[in-house]
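So the chains spell out like this:
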Amino acid sequence: MIVSGDRGYYDRVRAASGPDAEGIEFPSYVAERKFTLIGTEMRIGRQSASRGIYPEIDLTGPPTDPGISRLHAVLIARHGGWAVLDPGSANGTQVNGTEIQENEEVPLREGDRINVGAWTVITLCRG
């Protein structure tokens with residue numbers, strides 16, 4: 001899977017958030033990061049040593065997307081593929097532009113885009 005920045009998503013989030021989002025700027029550079037999906041479950045979020053949270057997909061940064069919760073979403077291996085679940089993040093999770101319900105598993109296919117935070121996009125891909 002590939003993690004990067006999504007300017008279009010950021011623009012939509014900022015427009016919907018109104019004045020609360022004024023202090024959040026889209027970063028000038030977001031390095032593309034790759035993660036290998038292994039095991040039966042992979043947590044997505046930001047590391048917090050004080051809370052004992054060490055997600056397998058650590059999106060701490062740089063740059064740090066301020067809209068990502070410490071435990072934002074979970075990828076779960078299902079039937080030879082993966083599903084995503086939002087366990088109750090502060091800002092929600094979208095799959096292909098549609099907000100997913102809290103604690104509801106959404107099956108994923110190759111090429112699906114998971115948006116979290118203010119600008120982060122996770123694209124499911126092989127290899």
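As the structure is a computational prediction, the values presented were derived from the model and not from experiment.

Draft legend 1. View of the overall build of the chain. For the chain, the helix and strand inventory stands at 1 helix and 11 strands. Secondary structure elements of the chain occur, N-terminal to C-terminal, as β-α-β-β-β-β-β-β-β-β-β-β. A globule of 127 residues ought to have a C-alpha radius of gyration of about 14 Å, and the chain, at 14 Å, matches this closely. By principal-axis analysis of the C-alpha atoms, the chain measures approximately 45 × 35 × 25 Å. Intrachain contacts of the chain at a sequence separation of at least 6 include 48% that bridge at least 24 residues.

Draft legend 2. Spatial organisation of the packing of aromatic side chains. Tallied over the full model, the rule gives 2 aromatic pairs. Both rings, one in Tyr-10 and one in Phe-26, keep their centres 5.4 Å apart while their planes meet at 55°; by these two values the pair is tilted. One end of the pair, Tyr-10, is in helix α1 (residues 7–17); the other, Phe-26, is in the loop between α1 and β2 (33–34), and 16 residues separate them in sequence. Judged by its relative accessible area of 4%, Tyr-10 falls in the buried class. By relative accessible area, Phe-26 is classed as partly exposed at 22%. Judged by centre distance (6.3 Å) and plane angle (75°), the ring pair of Phe-26 and Trp-119 falls under edge-to-face. Of this pair, Phe-26 sits in the loop between α1 and β2 while Trp-119 sits in the loop between β10 (113–116) and β11 (120–123), placing them 93 residues apart in sequence. You can call Trp-119 buried: its relative accessible area is 4%.

Draft legend 3. Molecular detail of the environment of Glu-56. When you line up the elements, Glu-56 lands in the loop between β3 (41–45) and β4 (57–58). Residues Glu-56 and Arg-46 lie 10 residues apart in sequence; the distance between their C-alpha atoms is 9.5 Å. If we ignore the near neighbours within four places in the chain, the residues touching Glu-56 are Phe-35, Glu-41, Met-42 and Arg-43. There is a polar contact of 2.7 Å between the side chain of Glu-56 and the backbone nitrogen of Arg-43.

Reading guide: rules and limits
- Residues numbered from 1 in each chain as written.
- Predicted model: local features only at pLDDT ≥ 70, side-chain atom pairs only at ≥ 80, totals over all residues.
- Heavy atoms only, no water.
- Helix = DSSP H or I, 4+ residues; strand = E, 2+ residues; numbered from the N terminus.
- Rg over C-alpha atoms; globule rule 2.2 N^0.38 Å.
- Contact = heavy atoms within 4.5 Å.
- Phe/Tyr/Trp six-rings, centres within 6.5 Å; stacked < 30°, edge-to-face > 60°.
- Buried < 20%, exposed > 50% of the residue type's maximum accessible area, 1.4 Å probe, protein only.
- Polar contact = N/O pair within 3.5 Å; in protein donor to acceptor, adjacent residues only side chain to side chain.

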